[in-house]
Amino acid sequence: MSRMGDVLAGFHAAWEFESDSVLIRYERGIRTPKLFQALGERRVPLEAIAGVTLTRGKRGTVVLRVEPRPGADPLMEAAAGQLKESGDPYRLVLPAEREVLAEYYADELRTLLTESGPADRFLVKPPEGPLSFKAYDGKATFDGRTVNFRWFWTGASSAKWKAGDQSFSVGELNGVEWRSPEVFEGHLRLLRRDAEMSAAQADQDPAAVVFGLGYGPVHESLPFAAAVLAAVRTSSPVAAVPAPRRDPADIAERIRHLGELHQAGLVTDEEFSVKKAELLAEL
């Protein structure tokens, strides 16, 4: 840019223009979308930007937007076009009286862009971990190396209780499938290298957690999915890390719930015996 360090402030965010990137700082006000608040700030290298647009917005506003290159940002790759316009982290909404200034910055950016087409690697830094969120049927955690699903007895299906809590190293994974909790049947599914794409519903798949009303919101589940996806893309296949031994009280609670499923006829005698033995072996 001709004037490095210049800042253009809009509603919910301010963009600082630097010689090799645009630093986007999001506000933390109550009117700011929660996804923006969760992201905090993002540095977008110029090589990650394919184009710049300036359009008229609603109610006397203009919208400056940079278009990320396909494959450059793990957040947008995980979102797969499901974000609402108001939740797009690449839009800066400004009062209409700042249109001339916004056009100036748009022109300046365009002169500096040299890359186009899909990126061969992620260029925008992924959300930092450790990350966690509560889905409808379990809690998902990610420490940068391993994704863990711990099922809730109030929400998890009998299929997931039979399978037990799950642990996946990023080396075992091939990708992530995220479906927005703002649409019907939102979920986060882990795609494993050694398995075909599961045809099971997400509520029956031990490699997925499902979203319900108030569970797995976009500002928690999407950064989580993006962080996992970025780790998967930069990892090589490795052997799964053995799960640590569990709390005896937790094992006892799971055996109790397994017994309830058995009494209700949702688990056969054989399944009950096998799963009970597996749980006791973890002590």
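Residues numbered from 1 in each chain as written. Predicted model: local features only at pLDDT ≥ 70, side-chain atom pairs only at ≥ 80, totals over all residues. Heavy atoms only, no water.

### As for the pattern of salt bridges
Put simply, the rule reads: A pairing counts as a salt bridge when a side-chain nitrogen of Lys or Arg comes within 4 Å of a carboxyl oxygen of Asp or Glu. Using a 1.4 Å probe on the protein chains alone, a residue whose accessible area is under 20% of its type maximum counts as buried, one over 50% counts as exposed, and one in between counts as partly exposed.
All told, the structure shown has 17 salt bridges when counted by the stated rule. With its nearest N and O atoms 2.7 Å apart, the salt bridge here joins Lys 125 to Glu 128. With relative accessibility at 59%, the residue Lys 125 sits in the exposed group. Note on Glu 128: relative accessible area 54%, which makes it exposed.

### Some words on the sheet that holds strand S14 (residues 208-210)
Under the convention used in this document: Strand pairing is assigned whenever DSSP detects at least two bridges linking the two strands. In DSSP terms, a helix is any run of H or I states spanning at least four residues, a strand is any run of E spanning at least two, and both are numbered starting from the N terminus. Axis definition: a line fitted to C-alpha atoms, over the contacting stretch in the case of helices. Angles run 0 to 180 degrees between N-to-C directions. Whether two residues are in contact is decided by their heavy atoms: any pair within 4.5 Å suffices.
One open sheet holds the three strands; their spatial order is S12-S13-S14, and the pairing between them is antiparallel. Edge positions in the open sheet fall to strand S12 (173-179) and S14, since each of these has one partner strand only. On average, each strand axis in the sheet is inclined to that of its neighbour by 10 degrees, with strand direction left out of account. As judged from the six bridges shared by S12 and strand S13 (residues 187-192), these two strands associate in the antiparallel manner. Residue pairing across strands places Glu 177 opposite Arg 189, the latter belonging to S13. Running at roughly 160 degrees to S12, helix H5 (residues 218-233) makes contact with S12 and S13 of the sheet.

### Considerations on the packing of aromatic side chains
Stated formally: Aromatic rings from Phe, Tyr and Trp, with only the six-membered ring used for Trp, were paired whenever their centres fell within 6.5 Å, and each pair was classed as stacked if the ring planes differed by under 30 degrees, edge-to-face if by over 60, and tilted otherwise.
Applying the stated criterion across every chain, the model contains 10 aromatic pairs. Three or more aromatic residues joined by ring pairs make a cluster, and in this case those are Trp 15, Phe 17, Tyr 104 and Tyr 105.

### Remarks on the environment of Ala 48
Structurally, Ala 48 can be placed in the loop between strand S4 (41-45) and strand S5 (49-56). Ala 48 sits 109 residues away from Ser 157 along the chain, and the two C-alpha atoms are 41 Å apart. For Ala 48, the residues in contact, after removing those within four places along its chain, are Glu 67, Pro 68, Arg 69, Ala 72, Leu 123 and Val 124.

### Some thoughts on the nonpolar core
Test applied: Grouping buried Ala, Val, Leu, Ile, Met, Phe, Trp, Tyr and Cys residues that are joined through side-chain atoms within 4.5 Å yields what is termed a nonpolar core.
Counting 67 residues, the largest nonpolar core has Trp 15, Leu 64, Leu 188, Phe 224 and Val 228 as its most contacted members. Here the element with the most residues in this core is H5; it accounts for 11 residues. Apart from the residues within four sequence positions on either side, Leu 64 is in contact with Leu 8, Trp 15, Phe 17, Val 52, Thr 53, Leu 54, Tyr 90, Arg 91, Leu 92, Leu 94, Ala 102 and Ala 106. With five residues, the next largest nonpolar core counts Ile 251, Ile 255, Leu 258 and Leu 279 among its residues.

### Regarding the side chain of Asp 165
Here Asp 165 shows up in the loop between helix H4 (158-163) and strand S11 (166-169). Judged by its relative accessible area of 16%, Asp 165 is buried.

### Quick look at the UniProt feature "domain: DUF4429" (unreviewed entry) in the protein chain
Using the following cut-off: UniProt positions are given in the numbering used here, feature names are shortened, and annotations may be inferred rather than shown by experiment.
Under the local residue numbering, the UniProt record ascribes the feature "domain: DUF4429" (unreviewed entry) to residues 15-109 and 140-228. Secondary structure within residues 15-109 divides into 24% helix and 37% strand; the distance between the first and last C-alpha atoms comes to 12 Å.

### Brief notes about the sheet that holds strand S9 (residues 138-142)
Pairing between the strands of a sheet comes from backbone hydrogen bonds, and it takes one of two forms, parallel or antiparallel. With respect to topology, four strands assemble into an open sheet ordered S8-S9-S10-S11, the strand pairing being antiparallel. Edge positions in the sheet fall to strand S8 (131-134) and S11, since each of these pairs with one other strand and no more. Each adjacent strand pair in this sheet contributes to an overall mean axis angle of 10 degrees, direction not counted. Pairing of S9 with strand S10 (residues 146-151) involves five bridges; the strand directions are antiparallel.

### Some words on the layout of surface pockets
The condition is simple: The rule is simple: put a 1 Å grid over the protein atoms alone, call a set of points where a 1.4 Å probe fits but cannot get out a cavity, call an open set with protein on both sides within 12 Å along at least five of seven lines a pocket, and count a residue as lining if it has an atom within 4 Å of a point. Grid points are joined across faces, edges and corners, and a volume is the space filled by probe spheres set on the points. Under the scheme applied, nonpolar residues are Ala, Val, Leu, Ile, Met, Phe, Trp, Tyr, Cys and Pro; charged residues are Asp, Glu, Lys and Arg; polar residues are all the others, including Gly.
Computed from the structure, the largest pocket encloses a volume of approximately 460 Å³. Around the largest pocket, the lining comprises 15 residues; the ones closest to its centre are His 12, Thr 61, Ser 86, Arg 91 and Val 93. Those elements that place two or more of their residues in the lining of the largest pocket are strand S6 (61-68) and strand S7 (91-95). Counted by class, the lining of the largest pocket contains five nonpolar, four polar and six charged residues.

### Details of the environment of Asp 143
The condition that has to hold: Side-chain atoms alone can form a polar contact between residues adjacent in sequence; in general such a contact is a pair of N or O atoms within 3.5 Å, and within protein one must be able to donate a hydrogen while the other accepts it.
Note on placement: Asp 143 falls in the loop between S9 and S10. Expressed as a C-alpha distance, the spacing of Asp 143 and Pro 206, which sit 63 residues apart in the sequence, is 19 Å. One polar contact links the side chain of Asp 143 to the main-chain amide nitrogen of Arg 145, over a distance of 2.8 Å. Within the local environment of Asp 143, its side chain forms a polar contact with the backbone nitrogen of Thr 146, the two atoms lying 2.8 Å apart.

### Some remarks on unusual backbone geometry
For the peptide bond that leads from Gly 129 to Pro 130, omega is 0 degrees, which places it in the cis range. Its identity as a non-glycine residue notwithstanding, His 12 has a phi of 75 degrees, on the positive side. Here His 12 lies in the loop between strand S1 (6-9) and strand S2 (13-17). Residue classification places His 12 among the partly exposed positions, given a relative accessible area of 24%.

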